[in-house]
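# Fold and contact review
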Amino acid sequence: MYRKEPSVALRSSSAALYNNLSVLRAGGRPSLAFGTVHGPSLSLVTTGTATGTGSAGVSHRQLQAKEGGTALSTSLLTQRSFPPASRAHPAAVPLQMYESDGSVMVYWHALDAAENPAQAVFARGIAAAGGRFVCVGTSSGAVLVFDIPPKGTNITVSEVLEQHRDAITDIAAELGQAPDGAGDVVTADDAGTLCVWRAGEEFALLSRIPALGCSCPSVKLWNGVVAAGYGNGQIRLYEAATGVLRAEVDAHARWIYALDLAPQTGKLLSGAEDSFVHVWKLSRNPDTDDVEIEHCHAECVTDTQVCGARFCDPDGDSFAVTGYDLSEIFRYSRV
């Protein structure tokens, strides 16, 4: 059971984009940082306490997408993330990486639009993997693998993964303890195809899950289980190593925009266009090794098209929600 806490105000509203909320808990400190995007700007809010109540101890930063070269128009931000294993985060097209507080841009990467100038070019889907890599999806279906040094700005593209034919929608890295051979990165695209990879000096494709017939906007990977949210409102659970379907649930009445997982407990958070946010519990049956999903909580965010939902702690005891054209972040905590 969760109850609503005081919300956190934003300087601007949130755009109707998949997974349009990121949360970073500073190591060893109670502060939380929230990020959402709209058009060419990023709203970054840092709260002085884990509860984020009131206005005291809350700082705001508005980050504008920077142009490089001879840009003909303003870049629109498509996603912002705090990769947990990296100090930098990609933010926009052209792809930009900043220090985690948004203060300094440490890397700028141009995506090639020469092949078809009339087609929109964008980056979407961000995840840290292997302790040193950041994977970023593109509108062409390619996944760029960046090698991020612990210090300095010598960031390089170490590999390009080319297994998708449609635009990448989301990328996730293993959040728990993966079984041997299960892989530690999953990529999803607009057609609903999923690919599971093993990260390393050269990424290896372990399994390819065929398209379901609708887009897969959000995906997560936990203890060798792929959790995928689809445009038809379904959540499907697959074995990462084999791609075998283990469970499915009609979770929402409308398009799922966000999934998140609490790595310590296996709680799964889902948010959709139907204004509902659900908390689920994933587990494996110790006798049969079956993957099981249990519904734990439902929250209606009235008159809100939910476009971002994230847990605020690794146990899933609190979560945050934002929605289209909403200039605040709603907070919920376990009773």
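Residues numbered from 1 in each chain as written. Predicted model: local features only at pLDDT ≥ 70, side-chain atom pairs only at ≥ 80, totals over all residues. Heavy atoms only, no water.

## Focus: the overall build of the chain
In terms of helices and strands, the chain carries zero helices and 27 strands. Burial status across the chain gives 55% buried among its 335 residues. When contacts within the chain are restricted to residue pairs at least 6 apart in sequence, long-range pairs at least 24 apart make up 50% of them. (Helix = DSSP H or I, 4+ residues; strand = E, 2+ residues; numbered from the N terminus. Buried < 20%, exposed > 50% of the residue type's maximum accessible area, 1.4 Å probe, protein only. Contact = heavy atoms within 4.5 Å.)

## Concerning the sheet that holds strand S18 (residues 225-229)
Within the open sheet, the four strands sit side by side as S17-S18-S19-S20. Their pairing is antiparallel. Whereas interior strands pair on both sides, the edge strands pair on one side only; in this sheet they are strand S17 (218-222) and strand S20 (245-250). Strand after strand, the sheet turns through a mean of 15 degrees between neighbouring axes, direction not considered. Bridging between S17 and S18 involves five bridges; their strand directions are antiparallel. Following the sheet pairing, Ser218 is matched in S18 by Gly229. (Pairing = 2+ DSSP bridges. Axes fitted to C-alpha atoms, helices over the stretch in contact; angles between N-to-C directions.)

## Things to note about the pairing of strand S11 (residues 143-147)
Of all five residues in S11, five are buried; the element is thus mostly enclosed. Where burial is concerned, the two faces of S11 agree: the one with Val143, Val145 and Asp147 and the one with Leu144 and Phe146 are both buried. In terms of strand pairing, strand S10 (residues 133-138) meets S11 through five bridges, oriented antiparallel. Directly across from Cys135, in S11, lies its bridge partner Val145. The turn linking S10 back onto S11 is made up of four residues, and Gly141 within it adopts a positive phi angle of 100 degrees.

## Structural notes on the confidence of the model for the chain
Overall, the prediction assigns the chain a mean pLDDT of 84, with 82% of residues at 70 or greater. Per-element confidence in the chain is highest for strand S22 (residues 267-272), whose mean pLDDT is 98, and lowest for strand S6 (residues 88-90), whose mean pLDDT is 48. Counting contacts from residues 84-93, a segment whose pLDDT is below 50, to residues more than four positions away or on other chains yields 51 contacts. (pLDDT = per-residue confidence, 0-100.)

## Observations concerning the nonpolar core
Formed by 16 residues in total, the largest nonpolar core has its most connected members in Val186, Leu194, Val219 and Val226. At the level of secondary structure, the elements contributing two or more residues to this core comprise strand S14 (185-189), strand S15 (194-198), S17 and S18. Not counting the four nearest positions on each side in its chain, Val226 is found in contact with Val186, Leu194, Val196, Val219, Lys220, Leu221, Arg236, Leu237, Tyr238 and Ala240. (Core = buried A, V, L, I, M, F, W, Y, C linked by side-chain atoms within 4.5 Å.)

## Focus: the pattern of salt bridges
The tally for this structure, following the rule as stated, stands at 13 salt bridges. Note that Glu239 and Arg284 form a salt bridge whose closest N and O atoms lie 2.9 Å from each other. Taken together, the residues Glu239 in strand S19 (residues 234-239) and Arg284 in strand S23 (residues 276-284) connect sequence positions 45 residues apart. Given the relative accessible area of 13%, Glu239 is considered buried. Residue Arg284 is joined to Asp289 by a salt bridge in which the shortest nitrogen-to-oxygen separation is 3.6 Å. (Salt bridge = Lys/Arg side-chain N within 4 Å of Asp/Glu carboxyl O.)

## What to know about the packing of aromatic side chains
Tallying each qualifying case throughout the model produces four aromatic pairs. Linked through ring pairs, Tyr2, Phe319 and Tyr332 together constitute an aromatic cluster. Positioned above the aromatic ring of Phe330, the side-chain terminus of Lys4 is 4.1 Å from the ring centre. (Phe/Tyr/Trp six-rings, centres within 6.5 Å; stacked < 30°, edge-to-face > 60°. Lys NZ or Arg CZ within 6 Å of the ring centre and 35° of its normal.)

## So, the pairing of strand S13 (residues 168-173)
A large share of S13 lies buried, amounting to six of its six residues. As paired strands, S13 and S14 are joined by five bridges and run antiparallel to one another. Note on S14: the bridge partner recorded for Ala173 is Val185.

## With respect to the sheet that holds S15
The four strands are arranged S13-S14-S15-S16 in an open sheet whose pairing can be described as antiparallel. Only two strands of the sheet have a single partner each, and these edge strands are S13 and strand S16 (204-209). Within this sheet the neighbouring strands show an average axis-to-axis angle of 20 degrees, counted without direction.

## What about the environment of Val37?
With respect to the element layout, Val37 can be found in strand S3 (residues 32-38). Under the relative-accessibility criterion, Val37 is labelled buried at 1%. Taking the C-alpha atoms as reference points, Val37 and Ala16, 21 residues apart in sequence, are found 9.2 Å from one another.

## A closer look at unusual backbone geometry
Even without being glycine, Asp303 reaches a positive phi, approximately 55 degrees. Relative to the assigned elements, Asp303 resides in the loop between strand S24 (291-300) and strand S25 (306-311). On the basis of relative accessibility, which here comes to 77%, the residue Asp303 falls in the exposed class. Despite not being glycine, Asp325 shows a phi value in the positive range, around 60 degrees. Mapped onto the fold, Asp325 is located in the loop between strand S26 (318-323) and strand S27 (328-334).

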